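So the chains spell out like this:
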Amino acid sequence: MLTFRGTELEPRDWSTDLNALPTAWPAGGQVHRGFADALRDVWDEVAAALVGLPSRLLYTGHSLGAALATLAASLRQPTVRYTFGSPRVGDAAFVQSLAALPHHRFVNCCDVVCRVPPEALGYAHLGPPAYLDGYGHLHVAPDDELVEKDQARARRAYLWRYAWRLGTLWTRDVADHTPANYVAAAAQLPGGAP
């Protein structure tokens, strides 16, 4: 298993996340420049560590780590990819280059990171989400209407129950990105966790 960590509270990670200008990618298409640079910084070491590992390999990550796992999958294809709270990584041509790769992209209800960078800048997600609704139930490839209604209900419930409490994140969209909210997601897949 190859696991990439998410964004930490350090300036370099934040500048990586914010550098959303598109750049050409060797596997095809255009990708987020900050993510591409971050993977390039470590890829030689990672690729060397992957040599000689079993042919069955899983790539995973949360947030920034999910973006890096996606880019890594385009350079050396794993058996499967599991991402949690992933931002959009590349354009339609990049997404097409990974279309044959088995993957599971988990989105927790209102998670704001799953909606950036915006589609208006040409960014796209790879495949449909495994959507965790406001109650924590998994929906594989839900329709837009289910997601919109669930998110509206979940945001109202969060405002009523949590947003006003001291020490609580003021919006569900930020709270839903917390890694702890993704912990049980893979266990809900048919056949259980990988």
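Residues numbered from 1 in each chain as written. Predicted model: local features only at pLDDT ≥ 70, side-chain atom pairs only at ≥ 80, totals over all residues. Heavy atoms only, no water.

1. Here we look at the overall build of the chain
Thought 1: In terms of regular secondary structure, the chain is built from six helices and eight strands.
Thought 2: Secondary structure elements of the chain occur, N-terminal to C-terminal, as β-α-β-β-α-β-α-β-α-β-β-β-α-α.
Thought 3: Over its C-alpha atoms the chain spans a radius of gyration of 17 Å, differing by no more than 12% from the 16 Å that the globule rule assigns to 194 residues.
Thought 4: Projected onto its principal axes, the C-alpha coordinates of the chain cover approximately 50 × 40 × 30 Å.
Thought 5: The contacts of the chain with a sequence gap of at least 6 include a subset with a gap of at least 24, amounting to 55%.
Thought 6: Measuring between centres, the 17 positive side-chain charges of the chain sit 4 Å from its 19 negative side-chain charges. (Helix = DSSP H or I, 4+ residues; strand = E, 2+ residues; numbered from the N terminus. Rg over C-alpha atoms; globule rule 2.2 N^0.38 Å. Contact = heavy atoms within 4.5 Å. Lys, Arg positive; Asp, Glu negative; His and termini not counted. Charge placed at Lys NZ, Arg CZ, Asp CG, Glu CD.)

2. Looking at the pattern of salt bridges
Thought 1: For the structure shown, the criterion picks out seven salt bridges.
Thought 2: A salt bridge links Asp150 to Arg153, with the shortest nitrogen-to-oxygen separation between them at 3.3 Å. Pair noted here: Asp150 and Arg153 are both in helix H5 (residues 144-163), with a separation of three residues, about one helical turn.
Thought 3: Among the residues examined, Asp150 registers a relative accessible area of 9% and is labelled buried.
Thought 4: For Arg172, the salt bridge is made with Asp176, and the minimal N-O distance between the two is 2.9 Å. Asp176 matches Arg172 in its accessibility class, with the two residues each being buried.
Thought 5: Through salt bridges with shared partners, one network takes in Arg115, Arg155 and Asp173. (Salt bridge = Lys/Arg side-chain N within 4 Å of Asp/Glu carboxyl O. Buried < 20%, exposed > 50% of the residue type's maximum accessible area, 1.4 Å probe, protein only.)

3. A short note on the side chain of Asp176
Thought 1: Tracing the backbone shows Asp176 in the segment after helix H6 (172-175).
Thought 2: A relative accessible area of 4% places Asp176 in the buried class.
Thought 3: Look past the residues within four positions of Asp176 in its chain and what remains in contact with it is Asn108, Cys109, Cys110, Asp111, Asn181 and Tyr182.

4. Regarding the packing of helix H1 (residues 11-18) against helix H2 (residues 33-50)
Thought 1: Where H1 meets H2, the closest approach of the two axes is 6 Å, and the angle between their N-to-C directions is 130 degrees. Relative to H2, H1 is oriented oblique. The segment H1 lies against H2, with Arg12, Thr16 and Asp17 engaging Gly34, Phe35, Ala38 and Asp41.
Thought 2: Of the residues assigned to the contact of H1 with H2, the class counts are two nonpolar, two polar and three charged. (Axes fitted to C-alpha atoms, helices over the stretch in contact; angles between N-to-C directions. Parallel < 35°, antiparallel > 145°, perpendicular 65-115°, else oblique. Nonpolar A, V, L, I, M, F, W, Y, C, P; charged D, E, K, R; others polar.)

5. Re the nonpolar core
Thought 1: Counting 26 residues, the largest nonpolar core has Leu39, Tyr59 and Leu71 as its most contacted members.
Thought 2: For this core, the secondary-structure elements that each account for two or more residues are strand S1 (2-4), H2, helix H3 (64-75) and helix H4 (92-97).
Thought 3: Discounting chain neighbours no more than four positions away, the residues touching Tyr59 are Leu2, Leu50, Ala69, Ala72, Ala73, Arg76, Pro78, Val80, Arg81 and Tyr82. (Core = buried A, V, L, I, M, F, W, Y, C linked by side-chain atoms within 4.5 Å.)

6. A few points about empty space enclosed by the protein
Thought 1: Throughout the structure, instances matching the rule amount to one cavity of 30 Å³ or more.
Thought 2: Within this model, the largest cavity holds a volume of roughly 80 Å³.
Thought 3: Every residue lining the largest cavity is counted, 15 residues in all, and those nearest its centre are Thr70, Val89, Ala124, His125 and Leu126.
Thought 4: Among the elements of the structure, strand S5 (80-84) and H4 are those that each provide at least two residues to the lining of the largest cavity.
Thought 5: Tallied by class, the residues present in the lining of the largest cavity amount to seven nonpolar, five polar and three charged. (1 Å grid on protein atoms, 1.4 Å probe; cavity = no way out; pocket = protein on both sides within 12 Å on 5 of 7 lines; lining within 4 Å. Points joined across faces, edges and corners; volume = space filled by probe spheres on them.)

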